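Structure at a glance
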Amino acid sequence: MGRLDRAIALIAAALIAVLGFFPLANWIPGGHSAPWYTAVAADLLTGLAIALGGGVVLAILSRRITPLWRDGLLEPIRQSAEGRWPIWVLGTAGLTLALTLWVAVRTLNGRPLLIVEIIQVYQARILALGRLWVAAAPHQEFFSSLHLVEQDGRVYGQFPMGGPAMLSLGTLVGREWLVGPVFAALSVLCFGALLRRIEPRPGVALGALLLLALAPFAVFMSGSHMNHVPTLTWLLVGMWGLSRAVAEDAGRFRDGLVAGLGFGIAAAIRPVDALAFAAPAGMWLLLRGLQRRRIAALLGSGLGIALPIAALALVNLNTTGAPFRFGYSVLWGSGHDLGFHVTPWGGAHTPVRGVELVNLYFLRLQTYLFEAAGPSLLPLTAALALSRKLSPFDRYLLAASALLCGCYFAYWHDGFYLGPRFVYPLLPVLALWSARFLPLLRDAVGPGPAYRSAGYSTIIAVGLGLLTSAPVRARQYREGMLSLRWDPDAAAQRAGVRNALVFVRESWGAELVARMWALGVSRPEADATYRGADPCRLDEALSNLEPGPLRGSRVAAALHPLLADSVRLVNAESVTGDPSLRLTPGIRYPARCVEKIEANRSGFTLYPPLLLARGFGNVYARDLGSRDSLLLAAFPDRPVYLLKPLSGKVGAPPVFILMARDSLLALWRGGR
């Protein structure tokens, strides 16, 4: 297997080098791109030059100044890791928990900041009540949201229920932000148990453990509400069970059962990620069972993975109506699935676009993974290039990693939030091979100047990153998404707003999209119409259609002629205050549309975060202009407030503005 192992490692190194060091997306016309590449690459090369230069100087000095380098300096740590591995693992898990809790509370404010997080927390709260869905409101358009399924009188989140189920554990104690840090610490424990079985060198195992636990990409993601964090935990449970199931002296039913349960629960959270790691595991167990006629572990894994999948299928049956149809397919159709086709948001996903996306993920890993002063993937790439032998588990991990990248090559969406989130499951592989770099280099060149230079350079790169890049990234996250950090319950308490009907002033564009949803226009059609139609003409058309009988596809067909406007529309953020709202140049808009544009510029906020407001009996509803009269009739005895910022300044907090019912009705009767 030596030559084959060598070929596999070199191919992996070459692919990572091509995808991680060259901006292919910028060289392919059209589609996705990395406009930031030149500046980021310059910073990384500068940092690498400083680290390498410092490393060479220190290596030269160490030949004359003995205390600078002493062979065996880290030997006590290696021996401690070998003899007291559980203590090291527990200590590292505790450190991870502390760091990620700090990030969750101080950097991300303990709040879901992405629509994906918001909807999953919303669904978690439904699950915590012992339900899969809630009944749609009589006028659901006031309470609808992107990624929220409204089907046959039921409302639920579009995502697989496993992720919200994990978050619901936090809901039960009133702290959903605890879930990410707790699962991050559990991942460290699972990875520690796995490393004990697959990495014979204690020093390398400890390095890999620390890299997984302390990598900024992992720490920042673990402070969020994203489902990638518990998914990785369960994947590591599956990998630990697999390592026992394929051991020479084991392969018991219970080992396979643990592997299957880990991969199966991961599939209930993120099916694609689980597929990438479960499929090679299943093939390995099958081949092993056939060769040795020992199928206990295979049977256990089959049962283990079947149980969570059966539960997920039952949940789907009671929500979407089909066991293997997810909410996102209900909302977006088959265009949401893996494959090369027209995407839900328009345009076609092709193999070329897939290459661009995978390229972007690896380019981003160069900075987001370790935030070092140099390319983060350089040690990993070098380690693979230096490797001459792979263990069976190495081959499994590389196969699973390749399959994961292949799946997201065939997926149309650019998964970016707190880093390239779709490749988050690669963290164990990235950490393990990065930790192997220096030992493999020592094996290749000996303990001389080249090895010393690399060791010093690594220390300098990590140190500079901790002092510069990581704090900058933390500040970037802390100061971003300001409108989503606002606490409506605390603000309502300060303003004395209780048992009120609160209309939330969103942008004109968000209002237009919600009105199309209310008329039964599908999410893809509504998005395409909004992107391609002049907003004033769309507003007028919707006002004419709303009193009539047309709904669904017939409304979409009636709006389709408006897409002829798309060739003339231009970005008008400087006029509207909304980057998504495009206008037609050179025309005179009527008074109603001018008022909408002025209202946009004077300030608007986002409705989806208000789905999670808990306190004081307030009902938060999207402001839909004259249609608000429907809710005034439904809640006749509540005081009425408008929630909006007092200015269009980015991050301006919303305020509660008391409104008089009679004045509102008079305004609407005037056509506003």
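Everything numeric in this text was worked out from a predicted model, so none of it was measured. (Residues numbered from 1 in each chain as written. Predicted model: local features only at pLDDT ≥ 70, side-chain atom pairs only at ≥ 80, totals over all residues. Heavy atoms only, no water.)

**So, the overall build of the chain**
- For the chain, the helix and strand inventory stands at 32 helices and nine strands.
- The C-alpha atoms of the chain give a radius of gyration of 28 Å, which matches the 26 Å a tight globule of 672 residues would have.
- Over its C-alpha atoms, taken along the principal directions, the chain stretches across nearly 85 × 60 × 50 Å.
- Counting only residues that meet the buried cut, the chain has 52% of its 672 residues in that class. (Helix = DSSP H or I, 4+ residues; strand = E, 2+ residues; numbered from the N terminus. Rg over C-alpha atoms; globule rule 2.2 N^0.38 Å. Buried < 20%, exposed > 50% of the residue type's maximum accessible area, 1.4 Å probe, protein only.)

**Considerations on the pairing of strand β2 (residues 148-151)**
- Bridge count between β2 and strand β3 (residues 154-157): four bridges; the pairing is antiparallel. Within β3, the position partnered with Val-149 by the bridge is Tyr-156.
- The turn linking β2 back onto β3 is made up of two residues, and Asp-152 within it adopts a positive phi angle of 50°. (Pairing = 2+ DSSP bridges.)

**Some thoughts on the packing of helix α19 (residues 427-435) against helix α20 (residues 437-445)**
- Closest axis-to-axis distance for the α19/α20 pair is 4 Å, and the angle between their directions is 35°. Touching Trp-433, Ser-434 and Ala-435 of α19 are Phe-437, Leu-438, Pro-439 and Leu-440, all from α20.
- When its residues are assigned to classes, the contact of α19 with α20 shows six nonpolar, one polar and no charged. (Axes fitted to C-alpha atoms, helices over the stretch in contact; angles between N-to-C directions. Contact = heavy atoms within 4.5 Å. Nonpolar A, V, L, I, M, F, W, Y, C, P; charged D, E, K, R; others polar.)

**Side note on helix α24 (residues 488-495)**
- Three or more residues of α24 are buried, namely Pro-488, Asp-489, Ala-491 and Ala-492. Seen from one end, α24 has its buried residues packed into an arc of 165°, which puts them on one side.
- Looking at the packing, one finds that the buried side of α24 touches β7 (619-622) and β9 (654-659).
- The backbone nitrogen of Asp-489 lies 3.1 Å from a side-chain oxygen of the residue at the head of α24, namely Asp-487. (Arc of directions from axis to C-beta. Polar contact = N/O pair within 3.5 Å; in protein donor to acceptor, adjacent residues only side chain to side chain.)

**Some thoughts on unusual backbone geometry**
- Located in the positive-phi region is Glu-371, a residue other than glycine, with phi close to 50°.
- Take Glu-371: it is sitting in the loop between α16 (351-368) and α17 (378-386).
- At Leu-418, a residue that is not glycine, the phi angle is positive and equals roughly 60°.
- You can see Leu-418 is positioned in the loop between α18 (392-409) and α19.
- For Leu-418, a relative accessible area of 5% corresponds to the buried category.

**A short note on the pattern of salt bridges**
- Overall, the coordinates contain 27 salt bridges when judged by the stated rule.
- Among the ionic pairs, Arg-515 bridges to Glu-546, the shortest N-O distance being 2.8 Å. Of the two residues, Arg-515 is situated in helix α25 (residues 508-518) and Glu-546 in the loop between α27 (535-545) and α28 (553-559); the sequence distance between them amounts to 31 residues.
- For Arg-515, a relative accessible area of 4% corresponds to the buried category.
- The exposure class assigned to Glu-546 is buried, which follows from its relative accessible area of 16%.
- Here Asp-565 ties to Arg-537 by a salt bridge, and the two come within 2.6 Å at their closest N and O atoms. Taken together, the residues Asp-565 in the loop between α28 and β5 (570-571) and Arg-537 in helix α27 connect sequence positions 28 residues apart.
- Judged by relative accessible area, Asp-565 falls into the buried class, the value being 10%.
- You can call Arg-537 partly exposed: its relative accessible area is 41%.
- Several salt bridges share partner residues, and in doing so they unite Glu-511, Arg-515, Asp-539, Glu-546, Arg-592 and Lys-596 into one network. (Salt bridge = Lys/Arg side-chain N within 4 Å of Asp/Glu carboxyl O.)

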